[in-house]
Amino acid sequence: MAESELKMVFLAWVGICISGVVVALFLKLPKTTALKVTAMIMTWLIYSGYLAQSGFLAEYTAFPPRFIFILLPMVVFLLYLTKSSVIKKVAVSCSPALFILPQVFRIPVELLLYQLYRASLVPKMLTYEGRNIDLLVALTAPIAALLIYKYPGKKDKLIKIWNLSGILILSNVVFRGILSAPSPLRILNTEPPNLAIGIFPYVYLPAVFVLLAFSLHILSLRTIERKV
């Protein structure tokens, strides 16, 4: 795939995923709240995109590594999803399938990752031909949703097993991505290194796709918390 075509396909999938999130927000939240969250999403896209487009993130030798300006806000947001009572109230009112089925979005992401490897922007170990089994999470999402529907008595256990497994698999990929980036923290000396994290539009790989996958896992787990 040509570089220009790869960028167009990548941005198209980012747009589709974000559009899906925004539609879900307006279906499940009050309009005012949905508008505020949508504005926050757009701000995040502009912020992360600008850091990559300006070349700031591509200064790989800087210490601390520049990608911390992407990863740190992501961690803060995910912790908020984990602890917020407001998020809990929304999650327990939703079906677990609402947060499990959308994980199939990771199938095209894995295909794009492979194209990034062919373009020498990520190492092979981050793809399905390497040590990345994240594709299994996406492929089993419909199966997990079906099992939860068919066996409601085992719902909580199934949700925990599937989501915690997905979080561990994704975390493994994320840590390998960080440790293979050409920064002072680099431990995995792969060729090519993980350059995509600092390049526009591929910065959205962590800033959108990874963040969305983790968020869906957390929200799915929160659906089984006790109502108060």
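Our subject in this report is the structure included herewith. (Residues numbered from 1 in each chain as written. Predicted model: local features only at pLDDT ≥ 70, side-chain atom pairs only at ≥ 80, totals over all residues. Heavy atoms only, no water.)

Another point: the packing of aromatic side chains. What the rule picks out here adds up to 8 aromatic pairs. Ring centres of Phe10 and Phe209 lie 5.5 Å apart, and the angle between their planes is 65°; this geometry places the pair in the edge-to-face category. Here Phe10, found in helix H1 (residues 3–28), pairs with Phe209, found in helix H9 (residues 204–222); they are 199 residues apart in sequence, far enough to count as distant. Residue Phe10 shares its accessibility class with Phe209, and that shared class is buried. Their ring planes at 40° and their centres at 6.2 Å tell us that Phe105 and Phe209 sit as a pair that is tilted. Of the two residues, Phe105 sits in the loop between helix H5 (97–100) and helix H6 (106–118) while Phe209 sits in helix H9, which places them 104 residues apart along the sequence. (Phe/Tyr/Trp six-rings, centres within 6.5 Å; stacked < 30°, edge-to-face > 60°. Helix = DSSP H or I, 4+ residues; strand = E, 2+ residues; numbered from the N terminus. Buried < 20%, exposed > 50% of the residue type's maximum accessible area, 1.4 Å probe, protein only.)

What follows deals with the pattern of salt bridges. For the coordinates displayed, the defined rule picks out 5 salt bridges. For Glu3, the salt bridge is made with Lys7, and the minimal N-O distance between the two is 3.7 Å. Here Glu3 pairs with Lys7, and both are found in helix H1, just 4 residues apart, close to one helical turn. The exposed category is assigned to Glu3, whose relative accessible area is 57%. According to the relative accessible area criterion, Lys7 is partly exposed, its value standing at 29%. The closest approach of N and O atoms between Glu59 and Arg66, which form a salt bridge, is 3.2 Å. (Salt bridge = Lys/Arg side-chain N within 4 Å of Asp/Glu carboxyl O.)

As for its position among the elements, Ser48 is in helix H2 (residues 31–53). Of the residues examined, Ser48 reaches a relative accessible area of 0% and is grouped as buried. Placed 113 residues apart in sequence, Ser48 and Ile161 show a C-alpha to C-alpha distance of 32 Å. Excluding its chain neighbours within four sequence positions, the residues that come into contact with Ser48 are Leu57, Ile70, Val203, Tyr204 and Ala207. Looking at Ser48, its side chain comes within polar contact range of the main-chain oxygen of Trp44, at 2.8 Å. (Contact = heavy atoms within 4.5 Å. Polar contact = N/O pair within 3.5 Å; in protein donor to acceptor, adjacent residues only side chain to side chain.)

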